[in-house]
Amino acid sequence: MGKEKTHVNVVIIGHVDSGKSTTTGHLVYKCGGVDQRRLEKFEKAAAQVRFKQKKFQLKKKDFWISERERGITIDISLLKFNTQKFTMTIIDAPGHRDFIKNMITGTSQADVALLVVSAAKGEYESGVSRSGQTREHSLLAYTLGVKQIIVCVNKMDMTEPPYNQKRFEEVVKGVSGFLKKIGYDPQAVPFVPVSGWTGENMITATQKMPWFQGWKVRRREGNASGRTLLEVLDAIQPPVRTINKPLRLPLQDVYKIGGVGTVPVGKIETGVLKPGMTLMFSPAKLTAEVKSIEMHHQGLQTALPGHNVGFNIKNVSVKNLRRGDVAGNAQHDPPPLLTFRLFSTVIILNHPGRIKSGYSPVLDCHTAHVTCCFAELKEKIDRRTGKKLEDQPQVLISGDAATVKLVPIKPMCVESFFSYPPLGRFAARDLKQTVAVGVIKSVVKAPGTKAPKAQVCK
Ligand SMILES: Nc1nc2c(ncn2[C@@H]2O[C@H](COP(=O)(O)OP(=O)(O)OP(=O)(O)O)[C@@H](O)[C@H]2O)c(=O)[nH]1
């Protein structure tokens, strides 16, 4: 067996119907993410429901049945494909407004964002309009710390005339402009013209766009280039994994598997997980020994950051653990048992009115989902420079950035962004949409381990 490839998590972002499922489905289909048996099953099912314009769409539900039969190990929304250097796990983020939450929990695990933009007439324009999701998703990815972004200019077969260079350049100019405003360096962002539908420039270079000779990006670590989407994905900078840090593993789910026992699943954010280790779960306040670890149905002796694992633990009932709990090594700086207050920088994205202290949206932080109260609006700041604009503002409105004190109304485990980035960024949800995104500056841990039943908002 060859050396194991580096694992990379990719989040797919972009406007509704830009072709996220089609392009990612194409990569998975062509680059070995799905085994033959599953493919046959999928194709049979697809033929039965007549997917018409839906070729290559590997929707999550197609994977439910087979995974369920096996007794589930990892989150089913995760699909895989291989480039030369990497094994890429795709987090497919549907584009509808209501799915922004998924996009955030997905983005919080991503090393790279693949922004799909439709070049088709009218579609590009609505995607980048104020109500479109192209800008919003890119801003979220940036705020949540996804540093590398690749732009896939899709539906080139639908430009007028098809495969039109001018249209591609127009999209590149427009998208570069707003990526720059958000904070990305456009010089470092590759753009690839493709058709996820016909496959042009997806895996092999097309003859239909001879004007595109590849994209070169300048980087401190050396230049990178690529002509196809696959080559550009292969040219990303490998993510730096924080193996030396203490273990942090937010749970995505907990299963009870017959003949095996309790199996929590989740992605290792920092540190290392090994069989025999004693884990501490927070805020569940439980310790347990790891019996075995699995990834993609194979046993593992050492699981590293970026790995999506299922692991079997001794003597803990499935009822006592839940999604949002964080596992750490009981002997090496385990996660805080109780978060009392958190100080965060927030950016208000969409709120129809004015936000005052006392406002209590739900925070989605890593896999946790807890109502938190804006106990104090401390400072209004400039969204890009972070410079203070106003002390203790009375209200915040859409577009504002501020430092706020937050109080979780029930126990939750978070960390500062500085110490553990994936556990220190969140989306605040209210009115069925994302009202704000934020980064945790510091956490006040409660003395002792006894959680008050309800915390007071102050
Ligand atoms: N002609 C053409 N059609 C495409 C291309 N990519 C996607 N489509 C079609 O565009 C429609 C939307 O594609 P999807 O892949 O479902 O888009 P999506 O971004 O995943 O959609 P949501 O999940 O609803 O946001 C489907 O009918 C696709 O077949 C392309 O490159 N060319």
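Preceding block: the structure.
Residues numbered from 1 in each chain as written. Predicted model: local features only at pLDDT ≥ 70, side-chain atom pairs only at ≥ 80, totals over all residues. Heavy atoms only, no water.

## Examining the overall build of the chain
Then, in step 1: Counting its secondary structure elements, the chain contains 8 helices and 22 strands.
Then, in step 2: Within the chain, buried positions represent 55% of all 458 residues.
Then, in step 3: Residue pairs in contact within the chain that sit at least 24 positions apart in sequence constitute 73% of those at least 6 positions apart.
Then, in step 4: In the form shown here, the chain has an accessible surface area of approximately 21,000 Å², with 51% of it arising from carbon and sulfur atoms. (Helix = DSSP H or I, 4+ residues; strand = E, 2+ residues; numbered from the N terminus. Buried < 20%, exposed > 50% of the residue type's maximum accessible area, 1.4 Å probe, protein only. Contact = heavy atoms within 4.5 Å. Areas by Shrake-Rupley, 256 points an atom, 1.4 Å probe, with all protein chains shown as cover.)

## Re the pattern of salt bridges
Then, in step 1: As enumerated under the stated definition, the model contains 15 salt bridges in all.
Then, in step 2: Linking Glu200 and Lys208 is a salt bridge whose minimum nitrogen-to-oxygen distance equals 3.4 Å.
Then, in step 3: When its relative accessible area of 12% is taken as the criterion, Glu200 is described as buried.
Then, in step 4: Note on Lys208: relative accessible area 45%, which makes it partly exposed.
Then, in step 5: Between Arg248 and Asp333 there is a salt bridge whose closest N-O contact spans 3.9 Å. Placement of the pair is Arg248 in the loop between α8 (229-234) and β9 (249-257) and Asp333 in the loop between β15 (326-329) and β16 (339-348), with a sequence separation of 85 residues.
Then, in step 6: Judged by its relative accessible area of 1%, Arg248 is buried.
Then, in step 7: What emerges from the salt-bridge pattern is a single network uniting Glu125, Arg167 and Glu170. (Salt bridge = Lys/Arg side-chain N within 4 Å of Asp/Glu carboxyl O.)

## What to know about the side chain of Asp325
Then, in step 1: Mapped onto the secondary structure, Asp325 falls in the loop between β14 (308-313) and β15.
Then, in step 2: Buried and unpaired, Asp325 has Arg322 as its nearest opposite-charge partner, separated by 5.0 Å. (Lys, Arg positive; Asp, Glu negative; His and termini not counted.)

## A look at the nonpolar core
Then, in step 1: Ranked by internal contacts, the top residues of the largest apolar core, which has 63 residues, are Phe81, Val151, Val175, Leu179, Phe191 and Leu229.
Then, in step 2: Grouped together as the second largest cluster of nonpolar side chains are 24 residues, Leu363, Ala368, Leu396 and Met412 included. (Core = buried A, V, L, I, M, F, W, Y, C linked by side-chain atoms within 4.5 Å.)

## What about the environment of Phe212?
Then, in step 1: You can see Phe212 is positioned in the loop between β6 (191-193) and β7 (215-217).
Then, in step 2: Among residues more than four places away in sequence, those in contact with Phe212 are Phe168, Phe191, Val192, Pro193, Asn201, Gly226 and Arg227.

## Side note on the side chain of Lys155
Then, in step 1: Turning to its location among the elements, Lys155 is positioned in the loop between β5 (148-154) and α7 (165-182).
Then, in step 2: Take Lys155: its relative accessible area is 15%, and that puts it in the buried class.
Then, in step 3: Not counting chain neighbours up to four residues away, the residues in contact with Lys155 comprise Asp17, Ser18, Gly19, Ser118, Ala119, Ala120, Glu123, Val194 and Ser195.

## Side note on helix α6 (residues 133-143)
Then, in step 1: With 9 of 11 residues buried, α6 is to be regarded as a mostly interior element.
Then, in step 2: For α6, every residue scored as buried is listed here: Gln133, Thr134, Glu136, His137, Ser138, Leu139, Leu140, Ala141 and Thr143.
Then, in step 3: Looking at the residues trailing α6, positive phi occurs at Gly145, about 90 degrees.

## Comments concerning the packing of α6 against α7
Then, in step 1: At a closest axis distance of 10 Å, the pairing of α6 and α7 adopts a crossing angle of 35 degrees. When you trace α6 past α7, the crossing you get is right-handed. In this structure, α6 uses Thr134, Arg135, Ser138, Leu139 and Tyr142 to contact α7, whose residues at the interface are Phe178, Leu179 and Ile182.
Then, in step 2: Of the residues in the contact of α6 with α7, the class split is 5 nonpolar, 2 polar and 1 charged. (Axes fitted to C-alpha atoms, helices over the stretch in contact; angles between N-to-C directions. Left-handed = near helix turned anticlockwise from the far one by under 90°. Nonpolar A, V, L, I, M, F, W, Y, C, P; charged D, E, K, R; others polar.)

## Examining the environment of Ile150
Then, in step 1: Along the polypeptide, Ile150 turns up in strand β5.
Then, in step 2: In sequence terms Ile150 and Leu115 are 35 residues apart; their C-alpha atoms lie 6.1 Å from each other.
Then, in step 3: With residues near it in sequence (within four places) discarded, Ile150 still touches Val112, Ala113, Leu114, Leu115, Pro190, Leu229, Val232, Leu233 and Ile236.

## Some remarks on the packing of aromatic side chains
Centre distance and the angle of the planes are the two values used to describe a pair of aromatic rings.
Then, in step 1: The final tally for this structure, using the stated rule, is 6 aromatic pairs.
Then, in step 2: Between Phe168 and Phe212, the aromatic rings sit 5.7 Å apart at their centres with planes inclined by 80 degrees, giving edge-to-face as the arrangement. Of this pair, Phe168 sits in helix α7 while Phe212 sits in the loop between β6 and β7, placing them 44 residues apart in sequence.
Then, in step 3: Judged by centre distance (5.4 Å) and plane angle (50 degrees), the rings of Phe191 and Trp215 are tilted. Of the two residues, Phe191 sits in strand β6 while Trp215 sits in strand β7, which places them 24 residues apart along the sequence.
Then, in step 4: Its relative accessible area of 0% is what places Phe191 among the buried residues.
Then, in step 5: Three or more aromatic residues joined by ring pairs form one cluster here, namely Phe168, Trp211 and Phe212.
Then, in step 6: Taking the ring centre of Tyr420 as reference, the NZ or CZ of Lys245 above it sits at 4.9 Å.
Then, in step 7: Over the ring of Tyr420 we find Arg248; its NZ or CZ atom is 4.3 Å from the centre of that ring. (Phe/Tyr/Trp six-rings, centres within 6.5 Å; stacked < 30°, edge-to-face > 60°. Lys NZ or Arg CZ within 6 Å of the ring centre and 35° of its normal.)

## Some points on the environment of Arg167
Then, in step 1: Secondary-structure assignment places Arg167 in helix α7.
Then, in step 2: Assessed through its relative accessible area of 10%, Arg167 is described here as buried.
Then, in step 3: When the C-alpha positions of Arg167 and Cys152 are compared, they lie 14 Å apart, and in sequence the two are 15 residues distant.
Then, in step 4: Beyond its immediate stretch of four places on either side in the chain, Arg167 contacts Ala119, Ala120, Lys121, Gly122, Tyr124, Glu125 and Thr159.
Then, in step 5: Of the polar contacts made by the side chain of Arg167, one reaches the backbone oxygen of Ala119; its length is 2.7 Å. (Polar contact = N/O pair within 3.5 Å; in protein donor to acceptor, adjacent residues only side chain to side chain.)

## Quick look at the pairing of β14
Then, in step 1: Within β14, 6 of the 6 residues are buried, which leaves the element mostly enclosed by the surrounding structure.
Then, in step 2: Burial along β14 is two-sided: the face carrying Asn308, Gly310 and Asn312 and the face carrying Val309, Phe311 and Ile313 are both buried.
Then, in step 3: For strand β10 (residues 261-267) and β14, the ladder comprises 4 bridges, and the chain directions are antiparallel. Its bridge partner being in β14, Thr262 is matched across the sheet by Ile313.
Then, in step 4: Across 4 bridges, strand β12 (residues 286-295) lies against β14 in antiparallel orientation. Looking across to β14, one finds that Glu294 is bridged to Gly310. (Pairing = 2+ DSSP bridges.)

Geometric values such as these leave the question of function open.
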